[in-house]
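Overview (structure and organization)
Listed below, chain by chain, are the residues.
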Amino acid sequence: MLNQIEGLHHVTAMARDAAENNAFFTRTLGLRRVKQTVNFDEPSVYHLYYGDEAGTPGSVMTYFPFPNIIRGRPGTGEVGTTVFSVPEGALKFWQERLVAEGVGDIATGESFGQKRLTFRGPDGDGLALVEDATDVRSPWTAGGVGDDEAIRGFHSASLRLRDAGATEELLKFMGYENAETHKGVKRLILPGGNGADFIDIETLPEAPRGDLGAGSVHHIAFAVEDRASQLEVRKALLDTGYQVTPVIDRDYFFSIYFRTPGGVLFEIATNEPGFDKDEDTAHLGAALRLPRQHAHLRARLEASLQPLEA
Ligand code: ZN
């Protein structure tokens, strides 16, 4: 069993409208935009990162906004709900705020003994907030949401699977342990993780496979400390029979990717070097940053990418 995984690193999803996506995550949810760059594999499209002050692994929601992309169709083989952690007593504030903003499908409930508010992002994204009194992570509070309510980072993500078995085995190989099962949802926990420690598995044997589109999660990334740990994980996965990509330099972290038995795309990303690699922490996310291989496209991209703020 591996001991290098530290919890979630980031979750990457698809959107249709970059400005709408930016407004929702920075203004409505009060996260910090920690990086404004492009999709390294398709530089005509933004890659936007939202998180805490530094973009700490375990706090970072990222989006590829593809103009004119059609909505995804929720199903199996993908992340169902991405869940953020907020302080105890904060959900009343959030419910009022989300209602006032016209956010869709707001519902209160309880999950594994914690109060939970589910809602939809601008493209139907499956999102939720959970009150977690034990979360000691520091929030970003310069985005208009105060310390008593602000998002601390990810709490968990759910995987929707037709058959959970092999994915559950994989997560245990990655260091996760069974926590409990509640209303048919199986929770796994990474002991001693970075705070974004839970994966919930929803088994839906009859459901169709999800179709990727706006509002869909593209992949979910797990954190490792550094490149040496990443290579150990890569070798272990290869030895177990997984098809794993070579290490890819994403400028702010190094990545490997592999498709899980249940169809979800997993990434293992390093905590190093971080989002302050090419701009200081005070100005993270303010300007368009381009990786070296796309720097020559700057003038064209600045003319073609949709402005993020009106
Ligand atoms: Zn990623």
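Residues numbered from 1 in each chain as written. Predicted model: local features only at pLDDT ≥ 70, side-chain atom pairs only at ≥ 80, totals over all residues. Heavy atoms only, no water.

Within the protein, His10 (NE2), His219 (NE2) and Glu267 (OE) serve as the donor atoms for the zinc ion, at 1.9 to 2.0 Å. Mapped onto the polypeptide sequence, the residues donating to the zinc ion form the spacing pattern H-x208-H-x47-E. Placement of His10 in strand 1 (residues 8-15) and of His219 in strand 13 (residues 217-224) is noted, with a sequence separation of 209 residues between them. Here His10 matches His219 in class, with each residue buried. (Donors = N, O, S within 2.8 Å, 3.2 Å for Na, K, Ca; no water. Helix = DSSP H or I, 4+ residues; strand = E, 2+ residues; numbered from the N terminus. Buried < 20%, exposed > 50% of the residue type's maximum accessible area, 1.4 Å probe, protein only.)

Another aspect to go through is helix 4 (residues 227-240). If you check helix 4, its first and last C-alpha atoms are 20 Å apart, about what 14 residues at 1.5 Å a residue would give, namely 20 Å. The set of residues buried in helix 4 consists of Ser229, Gln230, Val233, Ala236 and Leu237. Projected onto a plane normal to the axis of helix 4, the buried residues spread over an arc of 130° and lie on a single side. Along helix 4, exposed side chains directed more than 90 degrees from the buried face belong to Lys235 and Asp239. Tucked inside the fold, the buried residues of helix 4 contact helix 3 (165-173), strand 13, strand 15 (253-259) and strand 16 (265-273). (Expected span 1.5 Å × (residues − 1). Arc of directions from axis to C-beta. Contact = heavy atoms within 4.5 Å.)

Attention now goes to the pairing of strand 4 (residues 60-65). Where burial is concerned, most of strand 4 is hidden: six out of the six residues are buried. Side-chain alternation along strand 4 places Val60, Thr62 and Phe64 on one buried face and Met61, Tyr63 and Pro65 on a second face that is also buried. Of the strand pairs in this sheet, strand 1 and strand 4 are connected by six bridges, and their pairing is parallel. By the bridge assignment for strand 4, Met14 is matched with Phe64. Here strand 3 (residues 42-51) runs beside strand 4; their pairing, made up of three bridges, is antiparallel. The residue of strand 4 that forms the bridge with Tyr50 is Met61. (Pairing = 2+ DSSP bridges.)

To continue, consider the pairing of strand 10 (residues 177-182). Bridging between strand 10 and strand 11 (residues 185-189) involves four bridges; their strand directions are antiparallel. Looking at the pairing, Thr181 lines up with Lys186 of strand 11.

Turning to the sheet that holds strand 3, a few remarks are in order. Overall, mixed pairing links the eight strands, which are arranged 2-3-4-1-13-16-15-14 in an open sheet. Either end of the sheet is taken by a strand with one partner, and the two such strands are strand 2 (32-39) and strand 14 (248-249). By the bridge criterion, five bridges tie strand 1 to strand 13 in an arrangement that is antiparallel. Paired with Leu8 across the two strands is Phe222, which belongs to strand 13.

Another point: the side chain of Arg137. Examined against the element boundaries, Arg137 turns out to sit in the loop between strand 8 (126-131) and strand 9 (153-161). Within polar-contact distance, the side chain of Arg137 engages the backbone oxygen of Gly58 at 3.3 Å. Of note is the side chain of Arg137, whose polar atom sits 2.8 Å from the side chain of Asp135. Discounting residues that sit within four places of it in the chain, Arg137 has contacts with Gly58, Ser85, Arg152, Gly153, Phe154, His155, Asn194, Gly195 and Ala196. (Polar contact = N/O pair within 3.5 Å; in protein donor to acceptor, adjacent residues only side chain to side chain.)

Before going further, it helps to examine the sheet that holds strand 9. Ordered by their spatial adjacency, eight strands build an open sheet running 6-7-8-5-9-12-11-10, and the pairing between neighbours is mixed. Among the strands making up the open sheet, the edge pair consists of strand 6 (104-111) and strand 10. Averaged over all pairs of adjacent strands, the angle between their axes in this sheet comes to 25°, without regard to strand direction. Across the sheet, helix 2 (residues 91-100) lies against strand 5 (78-86), strand 6, strand 7 (114-120) and strand 8, angled at about 10° from strand 7, the strand it touches most. (Axes fitted to C-alpha atoms, helices over the stretch in contact; angles between N-to-C directions.)

Phe25, Trp94, Leu171, Ile220, Phe222 and Phe266 are the most contacted members of the largest nonpolar core, which totals 66 residues. Here Phe25 is in contact with Gly30, Leu31, Tyr50, Met61, Tyr63, Phe84 and Leu127, once residues within four sequence places are set aside. (Core = buried A, V, L, I, M, F, W, Y, C linked by side-chain atoms within 4.5 Å.)

Right, let's talk about the packing of aromatic side chains for a bit. Scanning the entire structure with this criterion turns up 15 aromatic pairs. Ring geometry for Phe258 and Phe266: centres 5.8 Å apart, planes at 80°, overall edge-to-face. In this structure Phe258 comes out as buried when scored by relative accessible area, which is 1%. The ring of Phe198 has Arg187 sitting right over it, with the charged end atom 4.6 Å from the ring centre. Its end group placed over the ring of Phe254, Arg227 keeps NZ or CZ at 3.8 Å from the ring centre. (Phe/Tyr/Trp six-rings, centres within 6.5 Å; stacked < 30°, edge-to-face > 60°. Lys NZ or Arg CZ within 6 Å of the ring centre and 35° of its normal.)

The subject of this paragraph is the pattern of salt bridges. For the coordinates displayed, the defined rule picks out 17 salt bridges. Its salt-bridge partner being Lys92, residue Glu96 comes within 2.9 Å of it at the nearest N-O pair. With Glu96 and Lys92 both in helix 2 and four residues apart, the pair spans about one turn of that helix. Ionic pairing is found between Arg137 and Asp135, a salt bridge with its closest N-O pair at 2.8 Å. Note on Arg137: relative accessible area 17%, which makes it buried. Where salt bridges share partners, they join Lys35, Asp278, Glu279 and Arg289 into one cluster. (Salt bridge = Lys/Arg side-chain N within 4 Å of Asp/Glu carboxyl O.)

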